[in-house]
Amino acid sequence: MENLFPPFDPGQPDEPNETGRRRIPFRHIVPNLITILAICAGMTGVRLAFEGRFEAAVGMVLGAALLDGIDGRVARLLKGQSRFGAEMDSLADIVNFGLAPALVLYAYILKEAGPFGWICALLYTSGCALRLARFNTMLDDPHRPKWHSAFFVGVPAPAGAGLALLPMYVSFIGINIGLPQFTAGVTAVYLVFVGLLMSSQIPTWSGKGAGIRVPRNYAIPIILVLVLYVATLLSFFWETLTLTVLAYFISIPFSWREFSKRTKRERRLAPGRETGRAE
């Protein structure tokens, strides 16, 4: 046995040092370390839910979503992207945003619905897995128009986890919609709805490649609005998260309409380009 552990990223060439030994740059390890921390946060959220510490459990799942948004940007900043990291990120997503929210919700309220609540949790996790599998296959599509990068196909997994936990946000505010069995049933149906949104082909804004530019005189108001959002998030955490989820739902029809407009525009221009080449 030459080495106890296999190479970190078998598909990538290593960099030899002065002794001739093959090494990998440390910048390739940092993004994967962040991904591992995200997995730890998601799994800790499940543990806290089993212990009845539900607010902390939700915080851990949301923390995993934050780390998920950081690791890719850190990889690009350090030029540490790798196929190994992409695969690990995908596996982390199914744990943090497929399994963890379903188990946290089941421990909190879905268990009151009995087998129906568990079945709905399974359907949500399955929807998340299907969404991630489709996302990975679409990365290798060479015919996908460049402007499609401004949209996700379906609700992304981190956002789906945030949407799925809405019943807990509302409960933490102090709003109850009825008896535990009724609340559990409504939550179970809602969870399946979120899973369907993730596995659907509904376009949602990604924030990538949009090339958004704002007038100079709007820069200061936008900064102030962001500061206001962070301040309200810190002061009224669950209320702000609830409004954020509602705003996200409201944005979906607008992103769908914008995607349809661009698709129709592309289809109108395509025959003209083909005609010009034929002439």
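Residues numbered from 1 in each chain as written. Predicted model: local features only at pLDDT ≥ 70, side-chain atom pairs only at ≥ 80, totals over all residues. Heavy atoms only, no water.

*Asks:* Explain the overall build of the protein to me, and be specific about the residues and the numbers.
*Replies:* Broken down by element type, the protein carries nine helices and four strands. Secondary structure elements of the protein, listed N to C terminal, follow the sequence β-β-α-α-α-α-β-α-α-α-β-α-α. For the protein, buried positions account for 35% of its 279 residues. For the protein, the proportion of contacts with a sequence separation of at least 24, taken over those separated by at least 6, is 80%. As displayed, the protein offers around 17,200 Å² of accessible surface, 67% of which is attributable to carbon and sulfur atoms. (Helix = DSSP H or I, 4+ residues; strand = E, 2+ residues; numbered from the N terminus. Buried < 20%, exposed > 50% of the residue type's maximum accessible area, 1.4 Å probe, protein only. Contact = heavy atoms within 4.5 Å. Areas by Shrake-Rupley, 256 points an atom, 1.4 Å probe, with all protein chains shown as cover.)

*Asks:* Before we move on, can you summarise the side chain of T240 with the specific residues and values?
*Replies:* Mapped onto the elements of the fold, T240 is located in helix α9 (residues 237–278). Contact partners of T240, with chain neighbours within four places excluded, come to Y229, T232 and L233.

*Asks:* Quick one: what's the story with helix α1 (residues 29–50), residue by residue and with numbers?
*Replies:* Across its 22 residues, α1 extends 32 Å between first and last C-alpha, which sits within 8% of the 32 Å expected from 1.5 Å per residue. Among the residues of α1, P31, N32, I34, T35, A38, A41, G42, G45, V46, L48 and A49 are the ones counted as buried. Against α2 (54–78) and α3 (83–108) lie the buried residues of α1. (Expected span 1.5 Å × (residues − 1).)

*Asks:* Residues and numbers for the pattern of salt bridges, please.
*Replies:* Scanning all chains against the criterion turns up three salt bridges. For the salt bridge of E51 with R53, the shortest nitrogen-to-oxygen distance reads 3.0 Å. Accessibility expressed as a relative area gives 39% for E51, which makes it partly exposed. By relative accessible area, which is 46% here, R53 ends up partly exposed. (Salt bridge = Lys/Arg side-chain N within 4 Å of Asp/Glu carboxyl O.)

*Asks:* Quick rundown of the packing of α1 against α2? Include the residues and the values.
*Replies:* Following both chains from N to C, one finds α1 and α2 inclined at 170°, their axes separated by 8 Å at the closest point. It follows from the interaxial angle that α1 and α2 lie roughly antiparallel. Residues V30, P31, I34, T35, L37, A38, A41, G42, T44, G45, L48 and A49 of α1 form the contact with α2, whose participating residues are F54, A56, A57, M60, A64, L67, I70, D71, V74, A75 and L78. Looking at the contact of α1 with α2 residue by residue, the classes come out as 18 nonpolar, four polar and one charged. (Axes fitted to C-alpha atoms, helices over the stretch in contact; angles between N-to-C directions. Parallel < 35°, antiparallel > 145°, perpendicular 65-115°, else oblique. Nonpolar A, V, L, I, M, F, W, Y, C, P; charged D, E, K, R; others polar.)

*Asks:* Now, about the side chain of T187: what can you tell me, with residues and values included?
*Replies:* Of note, T187 is situated in helix α7 (residues 180–199). Given a relative accessible area of 4%, T187 falls into the buried group. Among all residues touching T187, those that are not within four sequence positions of it are L105, I109, L110 and P167.

*Asks:* Outline helix α8 (residues 216–235), listing residues and values.
*Replies:* Between its first and last C-alpha atoms α8 spans 30 Å; for 20 residues at 1.5 Å apiece the expected length is 28 Å, and the two agree. The buried fraction of α8 amounts to one of the 20 residues, a small share that puts the element mostly on the outside.

*Asks:* Tell me about the nonpolar core, and name the residues and values.
*Replies:* Core analysis: the largest hydrophobic core is formed by 48 residues, its most contacted members being Y124, M168 and Y169. Counting residues per element, the ones that place at least two in this core are α1, α2, α3, α4 (115–138), α5 (157–164), α6 (166–173), α7 and α9. Among residues more than four places away in sequence, those in contact with Y124 are F97, G98, P101, A102, G160, A161, A164, L191, V194, G195 and M198. (Core = buried A, V, L, I, M, F, W, Y, C linked by side-chain atoms within 4.5 Å.)

*Asks:* Account for the packing of α4 against α5, naming residues and giving values.
*Replies:* Interhelical geometry of α4 versus α5 gives an angle of 160° and a closest axis separation of 10 Å. With respect to α5, the axis of α4 lies roughly antiparallel. When the axes of α4 and α5 are compared, the crossing they make is right-handed. Every residue of α5 that contacts α4 at Y124, C128, R131 and L132 is listed here: A157, G160, A161 and A164. Tallied by class, residues from the contact of α4 with α5 come to six nonpolar, one polar and one charged. (Left-handed = near helix turned anticlockwise from the far one by under 90°.)

*Asks:* Would you mind going over the confidence of the model for the protein in detail, with residue names and values included?
*Replies:* For the protein, per-residue confidence averages 83 on the pLDDT scale, and 83% of positions sit at 70 or higher. When mean pLDDT is compared element by element in the protein, α6 scores highest at 94, while strand β1 (residues 15–16) scores lowest at 52. Within the model, pLDDT remains below 50 along residues 273–279, and this stretch shows zero contacts once partners closer than five positions in the same chain are excluded. (pLDDT = per-residue confidence, 0-100.)

*Asks:* Any chance you could break down the packing of aromatic side chains for me, citing the residues and the numbers?
*Replies:* Going through the model one piece at a time under the given rule, you end up with nine aromatic pairs. Between Y190 and F249, the ring centres sit 6.4 Å apart and the planes meet at 70°, which makes this aromatic pair edge-to-face. With a gap of 59 residues between them, Y190 in helix α7 and F249 in helix α9 connect regions that are remote in the sequence. Since its relative accessible area comes to 15%, Y190 is described here as buried. Site record: aromatic cluster; members linked through ring pairs are F54, Y108, Y169, F172, F237 and W238. (Phe/Tyr/Trp six-rings, centres within 6.5 Å; stacked < 30°, edge-to-face > 60°.)

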